[in-house]
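Remarks on the overall topology
Below, each chain spelled out in residue letters.
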Amino acid sequence: MRRRNSRGKGLLLIILLLAAALGVVVIKLRGPKETEEPRDPHEGQVLVNDGFNDVWITPIEGLEVSSLKKEDFVTVDGKVVYTGDAYDTVLGVDVAEHQWEIDWKQVADAGVKFAYIRSGYRGWSQGGLYEDPWFRRNMEEAAKAGLDVGVYFYSQAINVAEAIEEAKYVLGQVEGYQIALPIMYDWEIPEGAPEARTNGLDPSIIGDCGVAFCETIRAAGYEAGIYFTRQLGYYSIDLGRLRDCTLWLADWETDYPGFYYAGNIWQYSQEGEVAGIEGPVDLNLMFIKRPEPTPEPEASPQP
């Protein structure tokens, strides 16, 4: 029989003991494994309602955030009234041929201070440009009744060239009229029109068209603005490119303008009633920011 190699076994045991000791030292040096906090997937975003759902958006840097709250508004005799202290507000309507003949003196006597009048529109099937048949009468009579008057154009532009064409068309229409308010670009999705040429249009094109229209209007020396719903404002129109334009929000489903960014005009109803207008009419509030109060000078210390 071979003699057992007890010397080799002893050496192996020493190696194992040294390895175990070294492992303990390493563990002590590293300490217990720290638990990392999971990263917030919405870091830097805000939760908003887009008119249908609550969604996360990344705010546009430098664009003013709305300070309006639900408790700032009440409804009196079918009209929304702002009760906050940050703005003065005035009531307005926007009209087109659908309102037919309007008694503008009665409208003014009912407390309406401004009117947006549709100058024209682009057809959604063939793409032609048309003047609203009541445009000129409404312009003249509303101004005669003492209202501040602005115009809007219903667009169905499918590219920037068409948006510029629309702006130039409007500029020709308003020659000779006193325009007190910004000229507005109104691009809408035609409902129930499967043959509309705008169906399937890339949302970014809508925003590009709005910018092109407003830039053309402003280059002619007029103020410009854009009308939009929450959906268009969050997903299609890059409001960061329209910082110097008037923002007109259409939001009929809530008790206050719940859009994340600050706007200038809120269209709050499509079913309003105003003396002098037969049938429903769109009602709007215009927000005019009140000046910040001047701080009182500190009293000089008495000698």
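Preceding this paragraph is the structure being described.
Residues numbered from 1 in each chain as written. Predicted model: local features only at pLDDT ≥ 70, side-chain atom pairs only at ≥ 80, totals over all residues. Heavy atoms only, no water.

1. Here's the deal with the pattern of salt bridges
Short version of the rule: Should a side-chain nitrogen of Lys or Arg be within 4 Å of a carboxyl oxygen of Asp or Glu, the pair is scored as a salt bridge. Going along the chain from the N terminus, every DSSP run of H or I of four or more residues is numbered as a helix, and every run of E of two or more is numbered as a strand. Only protein chains enter the calculation, and the probe is 1.4 Å; a residue is then buried if its accessible area is under 20% of its type maximum, exposed if over 50%, and partly exposed in between.
One pass over the full model with this rule turns up 16 salt bridges. Among the salt bridges present, the one from Arg137 reaches Glu101, with a minimum N-O distance of 3.3 Å. With Arg137 in helix α3 (residues 135–144) and Glu101 in the loop between β5 (87–95) and α2 (104–109), the pair connects residues that are 36 residues apart, well separated along the chain. The exposure class of Glu101 is exposed, given its relative accessible area of 51%. The shortest N-O distance in the salt bridge between Glu166 and Arg122 comes to 2.6 Å. In this pair, Glu166 sits in helix α4 (residues 160–173) while Arg122 sits in strand β6 (residues 114–122), placing the two residues 44 residues apart along the sequence. There is no split in this pair, since Glu166 and Arg122 are both buried. One continuous salt-bridge network, built from bridges that share partners, spans Arg122, Glu162, Glu165, Glu166 and Arg197.

2. Notes on the packing of aromatic side chains
Put simply, the test is: Put simply, two rings from Phe, Tyr or Trp (the six-membered ring, in Trp's case) pair if the centres are within 6.5 Å, and we call them stacked under 30 degrees between planes, edge-to-face over 60, tilted for the rest.
Counted by the stated rule, this structure contains 19 aromatic pairs. Note on Tyr121 and Tyr130: the rings are 5.4 Å apart at their centroids and 25 degrees apart in plane angle, and the pair reads as stacked. Tyr121 sits in the partly exposed class, given a relative accessible area of 23%. Tyr130 gets classed as partly exposed once you look at its relative accessible area, which sits at 40%. Judged by centre distance (5.4 Å) and plane angle (50 degrees), the ring pair of Trp266 and Tyr268 falls under tilted.

3. Considerations on the environment of Arg218
For the record, the criterion: Should any heavy atoms of two residues lie within 4.5 Å, those residues are considered in contact.
You can see Arg218 is positioned in helix α5 (residues 203–219). A relative accessible area of 41% places Arg218 in the partly exposed class. Separated by 27 residues in the primary sequence, Arg218 and Cys245 place their C-alpha atoms 9.1 Å from one another. Each residue touching Arg218, except ones within four places of it in the same chain, is listed here: Ala224, Asp244 and Cys245.

4. Topic: the packing of α4 against α5
Rules: With axes taken as lines fitted to C-alpha atoms, and helix axes fitted only over the stretch in contact, angles between N-to-C directions fall between 0 and 180 degrees. Put simply, a crossing is left-handed when the front helix is turned counterclockwise from the back one by less than a right angle, and right-handed when it is turned clockwise. Classification used: nonpolar for Ala, Val, Leu, Ile, Met, Phe, Trp, Tyr, Cys and Pro, charged for Asp, Glu, Lys and Arg, polar for all others including Gly.
At a minimum axis distance of 8 Å, the contact between α4 and α5 shows a crossing angle of 35 degrees. Of the two elements, α4 crosses α5, and the hand of that crossing is right-handed. Packed against α4, whose contacting residues are Val160, Ala163, Ile164, Glu166, Ala167, Lys168, Val170 and Leu171, the element α5 presents Asp208, Cys209, Ala212, Phe213, Thr216 and Ile217 at the interface. Here the residues of the contact of α4 with α5 are counted per class, giving ten nonpolar, one polar and three charged.

The values are spatial; any link to function lies outside them.
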